[in-house]
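One letter stands for each residue in the lines below.
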Amino acid sequence: MRIATWNVNGLRARLEYITKWLEDKQPDVVGFQELKTPDDVFPIDHFKELGYEALVHGQKSWNGVAILSKHPAELVHTGLKGQSDVGSRLITADIDGKFEFTTVYCPNGKNLEHADYAGKLGWYDSLTKQWQSGKNGPRIICGDFNIVPEPIDGWKGEAADGGIFHTKEERARLQSLMDTGLTDLYRHFYPDEQAFTWWDYRGGSFHRKHGLRIDFILATEGVDALTKDVVIDRDYRRKIDELTPSDHAPVYADIDF
DNA sequence: ATGGCTCTCGCGGAGAGA
């Protein structure tokens, strides 16, 4: 089964681009982030025509997450307890009784002095707490985590340490989540590769290889042994026929569920 | 050092993103 995550930076603005990728790569289950779309105008029927059912936790203008699935998918829950004021950022579904699939859009934090930074740390605490209370069995949590785990995961390397996305506090929060028993599937397969999932739109960052790896597919114990490969789909960070890409590339894993 | 683009909302230009 092909499992994917993608911050699309506006689902409606990206719909034609997203459709090309779905047709080309045929993922079975996809987590989208940054829909910027209210639930009542989410193009459910469009995805149905492409063979997907959709579960949506959206909002007007900002944030928003959704799950597409070619297999029967049942909504488990949306959101984090006590965190509804930071927007629609988490959705979980059971996929055909085989595994639980969660996708998240973690808060950005803006800068170290901004109130959103403390809010980001608190959001992570809530996430780890809720994740720990989840059920046993195979689970995937993927999405845009907005934290650079290690110096190798950013183009500036150690020079970026201490800045937003690269602080000890943020990295400790991500580590606490990982310490519940999660494996970062990309890093598991490619322990020494420098690979990015996001590049700034400005200044030709993509071509200058100025990016960050902040989008992950994390899996509970045993799923790594079922995983055949993990791909950061850089080709889909490029313009296609004058269609503007997201600033994030899709990431997918092929897993024998 | 800074800003460099793109999105939404809504019709100008501000706010957010990472």
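Scroll up to find the structure.
These numbers come from a predicted model, not from an experiment. (Residues numbered from 1 in each chain as written. Chains lettered and ligands numbered in written order. Predicted model: local features only at pLDDT ≥ 70, side-chain atom pairs only at ≥ 80, totals over all residues. Heavy atoms only, no water.)

Draft legend 1. Inspection of the side chain of Lys25 at higher detail. Residue placement: Lys25 occurs in helix H1 (residues 15-25). Within the local environment of Lys25, its side chain forms a polar contact with the side chain of Asp233, the two groups lying 2.8 Å apart. For Lys25, the contacting residues outside a window of four places in its chain are Arg2, Asp233, Tyr236 and Tyr252. (Helix = DSSP H or I, 4+ residues; strand = E, 2+ residues; numbered from the N terminus. Polar contact = N/O pair within 3.5 Å; in protein donor to acceptor, adjacent residues only side chain to side chain. Contact = heavy atoms within 4.5 Å.)

Draft legend 2. Molecular detail of the sheet that holds strand E4 (residues 65-69). With respect to topology, six strands assemble into an open sheet ordered E3-E4-E2-E1-E14-E13, the strand pairing being mixed. Two strands bound the open sheet, and with one partner strand each, they are strand E3 (53-57) and strand E13 (227-232). In this sheet, adjacent strand axes meet at a mean angle of 10° when their direction is disregarded. Inspection of the sheet shows E3 paired to E4 by five bridges, in the antiparallel sense. Counterpart to Glu53 in the pairing with E4 is Ser69. (Pairing = 2+ DSSP bridges. Axes fitted to C-alpha atoms, helices over the stretch in contact; angles between N-to-C directions.)

Draft legend 3. Geometry of the packing of aromatic side chains. Taken as a whole, this structure holds twelve aromatic pairs when the rule is applied. Ring plane angle 80° and centroid distance 4.9 Å describe the contact between Trp199 and Phe206, whose orientation is recorded as edge-to-face. Through pairs of rings, three or more aromatic residues link up here, namely Trp6, Tyr17, Trp21, Phe32, Phe42, Phe47 and Tyr236. The ring of Phe165 is capped by Lys120, whose NZ or CZ atom sits 4.3 Å from the centre of that ring. Positioned above the aromatic ring of Trp131, the side-chain terminus of Arg139 is 3.8 Å from the ring centre. (Phe/Tyr/Trp six-rings, centres within 6.5 Å; stacked < 30°, edge-to-face > 60°. Lys NZ or Arg CZ within 6 Å of the ring centre and 35° of its normal.)

Draft legend 4. Structural context of the protein's contact with DNA strand B. Taken together, 24 residues lie around DNA strand B, and Glu34, Ser61, Asn108, Phe165 and Trp198 are the ones closest in. Each atom of DNA strand B within 4 Å of the protein belongs either to a base or to sugar and phosphate, the latter forming 67%. At 2.3 Å, a side-chain N or O of Asn108 approaches a base nitrogen of DNA strand B. Contact between DNA strand B and Lys110: a phosphate oxygen at 3.1 Å from a side-chain N or O atom of the residue. Looking at the surface near DNA strand B, its residues break down into eight nonpolar, eight polar and eight charged. (Near = heavy atom within 4 Å. Nonpolar A, V, L, I, M, F, W, Y, C, P; charged D, E, K, R; others polar.)

Draft legend 5. Region of interest: helix H4 (residues 168-178). Those residues of H4 that fall on the buried side of the exposure criterion are Glu170, Arg171, Leu174, Leu177 and Met178. Here the buried residues of H4 occupy an arc of 115° about the axis, which is enough to place them on one side. Those residues of H4 that are buried are in contact with helix H3 (115-132), strand E9 (183-184) and strand E12 (215-219). (Buried < 20%, exposed > 50% of the residue type's maximum accessible area, 1.4 Å probe, protein only. Arc of directions from axis to C-beta.)

Draft legend 6. Inspection of the pattern of salt bridges at higher detail. In total, this model carries 15 salt bridges according to the counting rule given. Here Asp116 ties to Lys110 by a salt bridge, and the two come within 2.4 Å at their closest N and O atoms. Take Asp116: its relative accessible area is 30%, and that puts it in the partly exposed class. Among the residues examined, Lys110 registers a relative accessible area of 48% and is labelled partly exposed. The closest approach of N and O atoms between Arg213 and Asp184, which form a salt bridge, is 2.9 Å. (Salt bridge = Lys/Arg side-chain N within 4 Å of Asp/Glu carboxyl O.)

Draft legend 7. Fine view of the pairing of strand E6 (residues 90-95). Of all six residues in E6, six are buried, a share of seventy percent or more. Alternating positions in E6 separate into two faces, Leu90, Thr92 and Asp94 on one and Ile91, Ala93 and Ile95 on the other, with burial throughout. As judged from the five bridges shared by strand E5 (residues 73-78) and E6, these two strands associate in the antiparallel manner. Pairing of His77 across the sheet is with Thr92, part of E6. As paired strands, E6 and strand E7 (residues 99-105) are joined by six bridges and run antiparallel to one another. In the sheet register, Ile91 faces E7, and the bridge partner there is Thr103. Counted between consecutive antiparallel strands, the loop separating E6 from E7 contains three residues, among which Asp96 sits at a positive phi close to 55°.

Draft legend 8. Structural context of the environment of Gly87. Turning to its location among the elements, Gly87 is positioned in the loop between E5 and E6. Given the relative accessible area of 19%, Gly87 is considered buried. A C-alpha to C-alpha distance of 13 Å links Gly87 and Ala66, two positions 21 residues apart in sequence. If we skip the residues at most four places from it in the chain, Gly87 touches Gln59 and Asn63.

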